[in-house]
Amino acid sequence: AARMAERGYHGAELAEASGWGKAVQIDGPSPDSRFRRGVDCFHFDGRERLDKFIKSWKFELCSSLVIVANAMYMGINANAQLDAAKEGHEANSDIWLAFERIFTVLFAVEWALRLIVYQKWFFRLADWRWNLLDTFLVLMSMVELILEAVDTGMA
């Protein structure tokens, strides 16, 4: 089991059941610091603030509103596509494509912020399944955008 276990503040050690944890030195006055140098891929000064930001109710509310707006968009888009197919013409794809790109960028930014904060722990948190799903969805959306750009560039 690759479950992280922290063994007190005295030894300042971070260990994993997988065996690749290592002892770290705590830089600074806060032994309770969530992000210790030497443990993750890289450390930057604003990481603690970014962690607070992505866990804030404002960020969670914005993320939730984007999810709800995307669900509404998908329903409206599907209805418009069905109506256009019934009438025998194509729906105005430029507007729908613009909305799709906006949602893709918003979800990718939200995913990237969380990945920057959690780094190698991103898939070891309690919500690792959601993070895996988000990663898959963001990557597939990005691939779709790239393929559309290549397709329109070749046309």
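Preceding this section is the structure that the text describes.
Since the structure is predicted, the reported quantities are computational estimates derived from the model, not experimental observations.

Engineer: Go over the side chain of R47 with me, naming the residues and quoting the values.
Structural biologist: With respect to the element layout, R47 can be found in helix 1 (residues 47-54). Looking at R47, its side chain comes within polar contact range of the main-chain oxygen of V117, at 2.5 Å.

Engineer: Please give an account of the nonpolar core that cites residues and values.
Structural biologist: The biggest cluster of nonpolar side chains holds nine residues, and these are L50, I54, F59, A108, W111, V117, Y118, F122 and V138. Put simply, the parts of the chain that give this core at least two residues each are helix 1 and helix 3 (93-118). Ranked by the residues each element gives to this core, the list is headed by helix 3, at four residues. Core analysis: the next-biggest nonpolar cluster, separate from the first, contains six residues, V66, A84, W96 and F103 among them.

Engineer: Describe a nonpolar patch on the surface, naming the residues involved and giving the relevant values.
Structural biologist: On the surface, W130, L133, F136, L137, L139, M140, V143 and L147 cluster together into a nonpolar patch covering about 800 Å² of accessible area. Note on placement: W130 falls in helix 4 (residues 128-154).

Conventions and cut-offs
Residues numbered from 1 in each chain as written. Predicted model: local features only at pLDDT ≥ 70, side-chain atom pairs only at ≥ 80, totals over all residues. Heavy atoms only, no water. Helix = DSSP H or I, 4+ residues; strand = E, 2+ residues; numbered from the N terminus. Polar contact = N/O pair within 3.5 Å; in protein donor to acceptor, adjacent residues only side chain to side chain. Core = buried A, V, L, I, M, F, W, Y, C linked by side-chain atoms within 4.5 Å. Buried < 20%, exposed > 50% of the residue type's maximum accessible area, 1.4 Å probe, protein only. Patch = residues over 30% accessible without salt bridge, like charges linked within 9 Å, V, L, I, M, F, W, Y side chains within 5 Å. Areas by Shrake-Rupley, 256 points an atom, 1.4 Å probe, with all protein chains shown as cover. Salt bridge = Lys/Arg side-chain N within 4 Å of Asp/Glu carboxyl O.

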